[in-house]
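Residue-level structure breakdown
What follows is the residue order along each chain.
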Amino acid sequence: MPPAFPERAVWGTASSLRAWQQQALELYFGRGTGSGPRDFLAVATPGAGKTTFALRLARELLDRRVIAAVTVICPTEHLKRQWAESAARVGIKIDPEFKNSQGRTAKDFDGVAVTYATVAAHPALHRGRTENRKTLVILDEVHHAGDGLSWGDAIREAFEPAARRLALSGTPFRTDINPIPFVLYEEGPDGIRRSRADYVYGYGPALADGVVRPVIFLAYAGEMRWRTRAGDEITASLGQPLTQDQTSQAWRAALDPKGDWIRQVITAADRRLTEVRRGMPDAGGLVIATDHENARAYAKMIRGVTGKGAAVVLSDDPGASKKIKQFAESEDRWMIAVRMVSEGVDIPRLAVGVYATSTATPLYFAQAIGRFVRARRRGETASVFLPSVPTLMGHAAEMETERDHVLDRSVREDGLDEDLLAEANRERDTLDVVGDELPFETVEASAQFDRVLYDGGEFGMQVEAGSAEEEEYLGIPGLLEPEQVSALLRRRQAEQLAGRRKRTGAEGAEPSVKRTAAEDIHALRKELNGLVGAWHHRTGQPHGVIHNDLRRSCGGPPAAQASGEDLRKRIAKIRDWAAKRS
């Protein structure tokens, strides 16, 4: 862990404050009169310890009598109870069961924890409570305050009189353009307004400090065959260049429990979990499912693979919070969740994930991956299994990119909008069927190991699921330093390429056989990533930063989505950089 300050820690939340938490506190109290600013936005990557920072700040403000009460606003019911439990350990009594119908809470409590929806249902009530006592309002995952103008207006009305407001976020961006209350926006040279945080602690610095785990993304492609609603049968290869509609349908076929793709990926993920448990005996796995029907089907698959059941947490289950807590405190292998474990939920032992949902917004992806990155000791890594879909590959490749909330732009600038996230969070038990049309039907789906994404680079080549080559990547030790992970992946890839060349030579294959377009792009991607790795070792810049610099210089989408022409431009550009530096 980074340099810490044991004498300043809040008892019960952590044995010591992390360097970023101490730095943020000093920044807060160093402003204005010394009692801190009225509004403060702290952005810290998921798993960095935002709750500990907020409770340390709340405790200090209570002790200085700057405030007399605390109100915590959360996205979900489960997070209310999590906040109350953490606050109780530092001597702050928070009521997580407060209802609007009560009007007030018992005198035994220092404050309440409520959801954004609760505030939006009766903003005048919460304004009255805020006016009656000098209150610190903690807006957890504050981007939810921009969920539609009505929610934003309600939060603004309820907490405008607050003595202090602390806004927290691990994913400070949205795909809509609704302004977030109490967040400052500044106009840039391009005339576009962007959010401005008072303190930022991103994934890159947190990874360098050992506060979060590095993430190994294991992407799986495969052959898909499905029957459309019109009765046509279509075959496509996930991981190959496809139209947007074909990608969407192939992705859906991959996640369908009727096919073998998801079964093969869950089997691979369980083998990975077994390896991780050699160094982390209590490591757990999480499958993030699209809907209730799929979640229950995946649970049956896990029982078939492991011989043991999996905890299933559904969005409309009144016992969901209890199940999450029980899993967090147990040593059980697997949990399956539908929209219940997307942000804020604290299960530090989660180390292996299966992204088995069709929701692809940057916000949802970042929230989901955030469940696996909380580090407990140095050397831990997280492993997340993904469908080989360009959108997801792009998100994975840009893990270290910082994004601010941008106003004054088209809602659909990045091809996705908040409607997708709302749809993912809408409760439903079955797939929607329009009119009397036949539903989409998966005929066949099989998985192939595609590649590994790590630290902005790509490693490995497509091989059959269950092969010895796949096992080489699944068997990477679970306790390694980030540099060791990179070195091992490079070595595994070199061995894989050497083995393939040897087999090709033995079979007498012509080296001049023309490559397909997909093989050409794959080769170009490998060449680019090799050059990026070399530039990283020469300059010390993170892989993700180098890829972003190349994108700015040459244009085009992330490397995972780039065309052959885009990749050639970037290869030429980085070769030019190397020549000039030499």
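Placed above this text is the structure.
Remember, predicted model here, so these are calculated numbers, not experimental data.

1. A closer look at the overall build of the protein
Scanning the protein from N- to C-terminus turns up 19 helices and 20 strands. Across the 582 residues of the protein, 53% fall into the buried class. Counting only contacts in the protein whose residues sit at least 6 apart along the sequence, the fraction spanning at least 24 positions is 74%. For the protein, the accessible area works out to roughly 25000 Å², and carbon and sulfur atoms hold 50% of it.

2. Thoughts on the nonpolar core
Residues F53, Y220, W261, Y298 and F385 are the most contacted members of the largest nonpolar core, which totals 125 residues. Judged by nonpolar contacts, the second largest core, of 21 residues, contains L41, V119, A158 and F159.

3. Some words on the packing of helix α9 (residues 261-276) against helix α10 (residues 292-306)
Contact geometry for α9 and α10: axes closest at 10 Å, N-to-C directions at 50°. Here α9 lies oblique to α10, going by the angle between them. Regarding α9 and α10, the two cross each other, and that crossing is right-handed. On the side of α9, the interface is formed by I262, R263, I266, T267 and D270, while α10 contributes Y298, M301, I302, V305 and T306.

4. Quick look at helix α2 (residues 50-63)
The end-to-end C-alpha distance of α2, which contains 14 residues, comes to 20 Å, matching closely the 20 Å that a straight helix rising 1.5 Å per residue would cover. In terms of residue burial, α2 counts as a mostly covered element, since 11 of its 14 residues are buried. Along α2, the residues that are buried comprise K50, T52, F53, A54, L55, R56, L57, A58, E60, L61 and L62. Elements that come into contact with the buried residues of α2 comprise α1 (19-29), β1 (39-44), β2 (69-74), α3 (77-88), β5 (135-139) and β6 (164-169). Of the residues one or two after α2, R65 is the one with positive phi, at around 60°.

5. A word on the pairing of β1
On a regular strand, one side chain projects to one face of the sheet and the next to the other, so that they alternate. Burial analysis of β1 places 5 of its 6 residues in the buried class, which makes it a mostly covered element. Pairing geometry for β1 and β6, over 5 bridges, is parallel. Paired with A42 across the two strands is L168, which belongs to β6. Looking at chain direction, β1 and strand β9 (residues 199-201) are connected through 3 bridges and run parallel. If you follow V43 over to β9, its bridge partner there is V200.

6. Notes on the packing of aromatic side chains
Taken as a whole, this structure holds 10 aromatic pairs when the rule is applied. Ring centres of Y28 and F29 lie 5.0 Å apart, and the angle between their planes is 80°; on these two criteria the pair is classed as edge-to-face. Of the two residues, Y28 and F29, both sit in the buried class. For the pair F217 and F365, a centre-to-centre distance of 6.0 Å together with 25° between the ring planes defines the contact as stacked. One end of the pair, F217, is in strand β10 (residues 215-227); the other, F365, is in helix α12 (residues 362-369), and 148 residues separate them in sequence.

7. A look at helix α13 (residues 390-397)
Within the span of α13, buried status applies to L392, M393, G394, H395 and A396. As for α13, its buried residues are in contact with β10, α8 (244-255), β15 (350-356), α12, β16 (382-387) and β18 (448-454).

What counts as what
Residues numbered from 1 in each chain as written. Predicted model: local features only at pLDDT ≥ 70, side-chain atom pairs only at ≥ 80, totals over all residues. Heavy atoms only, no water. Helix = DSSP H or I, 4+ residues; strand = E, 2+ residues; numbered from the N terminus. Buried < 20%, exposed > 50% of the residue type's maximum accessible area, 1.4 Å probe, protein only. Contact = heavy atoms within 4.5 Å. Areas by Shrake-Rupley, 256 points an atom, 1.4 Å probe, with all protein chains shown as cover. Core = buried A, V, L, I, M, F, W, Y, C linked by side-chain atoms within 4.5 Å. Axes fitted to C-alpha atoms, helices over the stretch in contact; angles between N-to-C directions. Parallel < 35°, antiparallel > 145°, perpendicular 65-115°, else oblique. Left-handed = near helix turned anticlockwise from the far one by under 90°. Expected span 1.5 Å × (residues − 1). Pairing = 2+ DSSP bridges. Phe/Tyr/Trp six-rings, centres within 6.5 Å; stacked < 30°, edge-to-face > 60°.

Worth remembering: the numbers are spatial, not functional.
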